[in-house]
Amino acid sequence: MCSSDLAHSPGMRIFVLSGQNDAAHARHARALGAAEFIAKPCDPQDLLMEVSRIVFLRSDQVRDPGARVVAGRRILIGEDDDRIRESFVHAFELAGFHVQAVARGPQIIEAAVLQTPDVVLLKLIFENMNGDTVAGILRGMPRTADVPIVLYDDSGGTVSASKYRISSALVNRFMNTNNPSDLLAAVREVLETREVEG
């Protein structure tokens, strides 16, 4: 495909892999209609991840125009099971999020204060500090008071909201599942609501 074709390819998402790593070449590629610019040399795994992310985002946006709300947003995930945490990281990165994932309550608080994520996804029951306690601490600090929080329970039972002090003032959404697709949908809804409310 020649450069003149780039701007006349509606519906096609194009990224340029270039041996020239400077702002002028990046601007030129974007002026021609390229959505992404990647400079060589680059790690093959990083390149594959970027292509996967772009393809996933494109197909997801065809199904769900609201998916644009999440692209590039920062999510902080608190989950103490390594396998589940990795599945969350994979799902949310494919959806276009910048993901930071930690395994302990105190780490969540520290990361939230340092990074100020766009949204926090938080497990309810941790070994050392439950998610409702973490959410309460985040709500009480000026830097994180307005960060949306999605809290989830993966115990398989019915959790008493009063037992764990779960309220709409504490969290934006409570889910009785750890299914990545369901949690991704909940996070999107929370971000879309936040965007509409301004």
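As shown above, the structure is provided for reference.
Since the model is a prediction, treat every value here as computed from it, not as a measurement.

### Focus: the overall build of the protein chain
Of regular secondary structure, the protein chain possesses seven helices and seven strands. Beginning at the N terminus, the succession of helices and strands in the protein chain can be written as α-β-α-β-α-β-α-β-α-β-α-β-β-α. Each of the 198 residues in the protein chain was classed as buried or not, and the buried ones make up 39%. Long-range pairs, those at least 24 residues apart, make up 60% of the contacts in the protein chain with a sequence separation of at least 6. Accessible surface for the protein chain amounts to roughly 10,700 Å². Of this, 51% is attributable to carbon and sulfur atoms.

### Observations concerning the side chain of threonine 177
Inspection of the secondary structure assignment puts threonine 177 in the loop between strand E7 (173-175) and helix H7 (180-197). At a separation of 3.0 Å, a polar atom in the side chain of threonine 177 contacts the main-chain amide nitrogen of asparagine 179. With near-sequence residues (within four places) excluded, threonine 177 lies in contact with Tyr152, Asp153, Asp182 and Leu183.

### As for the environment of phenylalanine 97
As for its position among the elements, phenylalanine 97 is in the loop between helix H4 (82-94) and strand E4 (98-102). A relative accessible area of 3% places phenylalanine 97 in the buried class. For the pair phenylalanine 97 and isoleucine 75, spaced 22 residues apart in the sequence, the C-alpha separation amounts to 6.5 Å.

Quick notes on the rules
- Residues numbered from 1 in each chain as written.
- Predicted model: local features only at pLDDT ≥ 70, side-chain atom pairs only at ≥ 80, totals over all residues.
- Heavy atoms only, no water.
- Helix = DSSP H or I, 4+ residues; strand = E, 2+ residues; numbered from the N terminus.
- Buried < 20%, exposed > 50% of the residue type's maximum accessible area, 1.4 Å probe, protein only.
- Contact = heavy atoms within 4.5 Å.
- Areas by Shrake-Rupley, 256 points an atom, 1.4 Å probe, with all protein chains shown as cover.
- Polar contact = N/O pair within 3.5 Å; in protein donor to acceptor, adjacent residues only side chain to side chain.

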